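Descriptive structure summary
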Amino acid sequence: MRVALGRPREAVAFYEEAIRRSPKIPHLRRSLGFLYEDLGEPENAKRVLSEALEIFPESALGLGALSVLEANTGDPAKALAATEEALAQRPDVAQLRVNRIVLLARLGRVDEAVAASEELTRDPALASEGHRSLGILYDGLRPDPARALEHYEEALRLAPDRPDAAELRARIGTLRRRTGGGLVAPTAPPPG
């Protein structure tokens, strides 16, 4: 594809033509929206994703994509509302649940982010992600290096081949060194 070849501007025309030919495929509009975001055109991205939602109002993935875009363009409260609306339609979409935790934390609603992360830990398919979220929360927003370490280690125990495994191992090493001489709040940012 043109994006993979380093020609994202050409890919816009490709997606627009694909949408014209197959207007009932929501993933094409979502991909075009993300492409516009990558090109630094958030207004075009919002327009395309909003159009997708007008055509496919039941698309939780579309709402989720729009919520991520809202968060990335500086309106986490609006993003949280869109994410929660999407979750009301599709509570089974894991990425929406994770996005909600991130947005709650970004809005300073740490207690709710912790509760939502703990809820993920009770879902076998999402337990590793829940522990990672708790690790991040206890690593940064509610500094408790010992608890952060415990949750990062559990995230890796449950899913040792996570895409961010190397990053988590590095953070675990840093926390182990820092907690070895007493509990000190970490200075490096947590992963994610």
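Higher on the page you've got the structure.
Residues numbered from 1 in each chain as written. Predicted model: local features only at pLDDT ≥ 70, side-chain atom pairs only at ≥ 80, totals over all residues. Heavy atoms only, no water.

Moving on: the overall build of the chain. Helices and strands together make up the secondary structure of the chain, namely 10 helices and 0 strands. Scanning the chain from its N terminus toward the C terminus, one meets helices and strands in the order α-α-α-α-α-α-α-α-α-α. Buried residues in the chain amount to 43% of all 192 residues. Considering only residue pairs separated by 6 or more positions, the chain has 41% of its internal contacts joining residues 24 or more positions apart. For the chain, the accessible area works out to roughly 10100 Å², and carbon and sulfur atoms hold 53% of it. (Helix = DSSP H or I, 4+ residues; strand = E, 2+ residues; numbered from the N terminus. Buried < 20%, exposed > 50% of the residue type's maximum accessible area, 1.4 Å probe, protein only. Contact = heavy atoms within 4.5 Å. Areas by Shrake-Rupley, 256 points an atom, 1.4 Å probe, with all protein chains shown as cover.)

Orientation of helix H1 (residues 8–21) relative to helix H2 (residues 26–38), taken along the N-to-C sense of each, is 160°, at an axis distance of 10 Å. The angle between H1 and H2 falls in the class roughly antiparallel. You can see that H1 and H2 cross each other, and the crossing is left-handed. Side by side, H1 and H2 meet where Pro8, Arg9, Ala11, Val12, Tyr15, Glu16, Ala18 and Ile19 of the first sit next to Leu28, Arg29, Ser31, Leu32, Leu35 and Tyr36 of the second. Taken together, the residues of the contact of H1 with H2 break down into 10 nonpolar, 1 polar and 3 charged. (Axes fitted to C-alpha atoms, helices over the stretch in contact; angles between N-to-C directions. Parallel < 35°, antiparallel > 145°, perpendicular 65-115°, else oblique. Left-handed = near helix turned anticlockwise from the far one by under 90°. Nonpolar A, V, L, I, M, F, W, Y, C, P; charged D, E, K, R; others polar.)

Turning our eyes to something else, we now look at the pattern of salt bridges. Taken as a whole, this structure holds 16 salt bridges when the rule is applied. Residue Arg142 pairs with Asp111 through a salt bridge whose shortest N-O separation is 2.3 Å. In this pair, Arg142 is assigned in the loop between helix H8 (127–141) and helix H9 (145–158) and Asp111 in helix H7 (residues 110–121), connecting sequence segments 31 residues apart. By relative accessible area, Arg142 is classed as partly exposed at 31%. You can call Asp111 exposed: its relative accessible area is 54%. Measuring nitrogen to oxygen at the nearest pair gives 2.5 Å for the salt bridge that ties Arg176 to Glu153. Highlighted residues: Arg176 in helix H10 (residues 165–180) and Glu153 in helix H9, separated in sequence by 23 residues. By relative accessible area, Arg176 is classed as partly exposed at 49%. (Salt bridge = Lys/Arg side-chain N within 4 Å of Asp/Glu carboxyl O.)

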